[in-house]
Amino acid sequence: MAALATGGWTPSDGATSFQRKVPASSRLAAIAGTRPSVRHGQLLLSSGLPSLDCVLGGGLAVGTLLLIEEDKYGIYSNLLFKYFLAEGIVCGHNLFVASAKEDPADILKELPAPLFDDVHKKQVDEKETAIKSKQESQESMKIAWRYQNLPRIEVSPAASARFGHYYDGSKTVSPELLQSTKWHRFFLPEEKSLHPEIKTCNMTCGYTRLLQSIQRIIYQEGFDGSYPQKKQKNILRIGIQSLGSVLWGDDICCADNPEDIYSLTKFLYVLRGLLRMSLSACIITVPAHLIQNKAIMERVTNLSDTVVGLESFIGSERETNPLYKDYQGLIHVHQIPRLNSLICDVSGTKDLAFRLKRKLFTIERLHLPPDLSDTVSRSSKQDLAESTKLLSSGCGAMAIGKKHLDF
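Conventions used here
Residues numbered from 1 in each chain as written. Predicted model: local features only at pLDDT ≥ 70, side-chain atom pairs only at ≥ 80, totals over all residues. Heavy atoms only, no water. Helix = DSSP H or I, 4+ residues; strand = E, 2+ residues; numbered from the N terminus. Buried < 20%, exposed > 50% of the residue type's maximum accessible area, 1.4 Å probe, protein only. Contact = heavy atoms within 4.5 Å. Areas by Shrake-Rupley, 256 points an atom, 1.4 Å probe, with all protein chains shown as cover. Salt bridge = Lys/Arg side-chain N within 4 Å of Asp/Glu carboxyl O. Lys, Arg positive; Asp, Glu negative; His and termini not counted. Polar contact = N/O pair within 3.5 Å; in protein donor to acceptor, adjacent residues only side chain to side chain. Pairing = 2+ DSSP bridges. Axes fitted to C-alpha atoms, helices over the stretch in contact; angles between N-to-C directions. Parallel < 35°, antiparallel > 145°, perpendicular 65-115°, else oblique. Nonpolar A, V, L, I, M, F, W, Y, C, P; charged D, E, K, R; others polar.

Draft legend 1. Structural context of the overall build of the chain. The helix and strand inventory of the chain stands at ten helices and 14 strands. Within the chain, buried positions represent 43% of all 407 residues. In the chain, the share of contacts with a sequence separation of at least 24, taken over all contacts with a separation of at least 6, comes to 73%. Total accessible area on the chain stands at roughly 23300 Å², and carbon and sulfur atoms take up 53% of it.

Draft legend 2. Geometry of the pattern of salt bridges. Inspection of every chain in the model, using the stated rule, returns eight salt bridges. In this structure, the salt-bridge partner of Arg185 is Asp103, at a minimum N-O distance of 2.7 Å. Residue Arg185 is found in strand β8 (residues 183–187), and its partner Asp103 is found in the loop between β5 (94–99) and α3 (104–109); the two are separated by 82 residues along the sequence. Residue Arg185 is classed as partly exposed on the basis of its relative accessible area, which comes to 32%. Among the salt bridges present, the one from Lys182 reaches Glu221, with a minimum N-O distance of 2.9 Å.

Draft legend 3. Structural detail: the environment of Leu67. With respect to the element layout, Leu67 can be found in strand β4 (residues 65–69). Once the C-alpha coordinates of Leu67 and Ile240 are considered, the two residues, 173 residues apart in sequence, prove to be 9.8 Å apart. If we ignore the near neighbours within four places in the chain, the residues touching Leu67 are Ile284, Val286, Met297, Val300, Ser304, Thr306, Val307 and Val308.

Draft legend 4. Representation of the environment of Gly41 in the model. Looking at the element boundaries, Gly41 is found in the loop between β1 (34–36) and β2 (43–45). Overall, Gly41 belongs to the buried group, its relative accessible area being 17%. Once the C-alpha coordinates of Gly41 and Asn340 are considered, the two residues, 299 residues apart in sequence, prove to be 8.0 Å apart.

Draft legend 5. Local environment of the side chain of Asp250. Mapped onto the elements of the fold, Asp250 is located in the loop between β9 (236–240) and α8 (263–276). Arg299 is the oppositely charged side chain nearest to the buried, salt-bridge-free Asp250, at an N-O distance of 10 Å. There is a polar contact of 2.9 Å between the side chain of Asp250 and the side chain of Tyr207. Side-chain polar atoms of Asp250 contact the backbone nitrogen of Ile252, separated by 3.5 Å.

Draft legend 6. Focus on the pairing of strand β11 (residues 306–312). Counting buried positions over the seven residues of β11 gives six, a clear majority of the element. In this sheet, β11 lies alongside β4 in parallel orientation, the contact comprising four bridges. The residue bridging Leu66 from the neighbouring strand is Thr306, located in β11. Bridge count for β11 against strand β12 (residues 329–335) is six bridges, and the pairing is antiparallel. By the bridge assignment for β12, Ser312 is matched with Gly329.

Draft legend 7. Examining the packing of α8 against helix α9 (residues 294–302) more closely. Contact geometry of α8 with α9 gives a least axis separation of 10 Å together with a crossing angle of 0°. One element, α8, and the other, α9, form an angle in the roughly parallel class. Contacts between α8 and α9 involve Leu264, Thr265, Leu268 and Arg272 on the former and, on the latter, Arg299, Val300 and Asn302. Considering only residue class, the contact of α8 with α9 consists of three nonpolar, two polar and two charged.

Draft legend 8. Inspection of the sheet that holds strand β10 (residues 280–286) at higher detail. On the basis of which strands lie adjacent, the open sheet formed by nine strands has the order β8-β5-β9-β10-β4-β11-β12-β13-β14 and mixed pairing. Strands with a single pairing partner mark the edges of an open sheet, and in this sheet they are β8 and β14 (360–365). Across the sheet, the axes of successive neighbouring strands diverge by a mean angle of 20°, strand direction being ignored. Here β5 pairs with β9 via five bridges, running parallel. When the sheet's bridge partners are listed, Val97 is paired in β9 with Gly239. On the sheet, helix α2 (residues 75–91) packs against β4, β5, β9, β10, β11, β13 (352–357) and β14 and is oriented at approximately 160° with respect to β9. Across the sheet, α9 touches β4, β11 and β12, and the angle it forms with β4 is around 150°.

Draft legend 9. Spatial organisation of the side chain of Thr204. Tracing the sequence through the fold places Thr204 in the loop between α6 (188–194) and α7 (205–220). Not counting the four nearest positions on each side in its chain, Thr204 is found in contact with Trp248, Gly249, Asp250, Asp260 and Ser263.

The following block contains the structure:
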């Protein structure tokens, strides 16, 4: 079971002086880089992206699994993967990096550099607001005059309190900060050469090796809670890159009916059991667009706690569409866990998009400009013709040859 934050509460000015008495043995010691959730009392940690934390209800709960559905080229999903690990370095958490494609040491060297103060972020925001103000001053307001005085909608989802850090994507983390971090590696080609023979237990050999490594670290380092940790309690951040790809020895991306169709789901089932009983959190990237059998992806989604999908505009029609010129893609929140409650803590924002603001990766509320043209621009003529045929069957007064509706 994921860790619960059941500590005392300090009253603020003007609030009641009531304090809930909790036995000292049940109180959870303060852990760096975490905070308790106000709604369900779960211990949360940051994903490395404050705007994503707000969308997910305040952050990632300790003991849960975050599944990232990769975009087609794996560019932006790799950024979220690195932000998660970089946040662990800044907070002093232990890291476990697993990959079958890149050496974990090379992944850590490419992590973005943290911004320990908001000075740089404010400068970037000020430059962007100045550019936007110039563009607005040059272009006159084309919408109705009665909308000019209305308050603007806040684009970026704002959290109630500061949680997490910001990172500069143009710089890498310093070697000094990297040396002070305790981390563990799992590189599948190395593991095969060191341990050529291993029992698979009706699971892909790579998945079995990975589970054994995670279990060994959780037990030896004391993250399971059965044996007290030698030092102050800490969090283990687990990052697994491109799970389910061919490099892991799985064929779910190559065939509709793979040989071991339940290999990946078995791995996730055992992994969630390890996460629930330990002070750890895991992020996994999966090439969902390559998985042929959609039933497998549905089972993978059900076995994950939080599922976020990335849709990149690269190579699509939206890349050249002027309506989406300010964004690099869309983000879809498919699933959010229900922790100690019947409903999930989800943001009210449905349409979300992401973009790279010079050096910062942000998630914003998607806003499209109003359609000011006289011709139809957002829907094709073919769609209008099909809708006209459907309406003409029920309305005898409409002319069959017309493509547009006359009012």
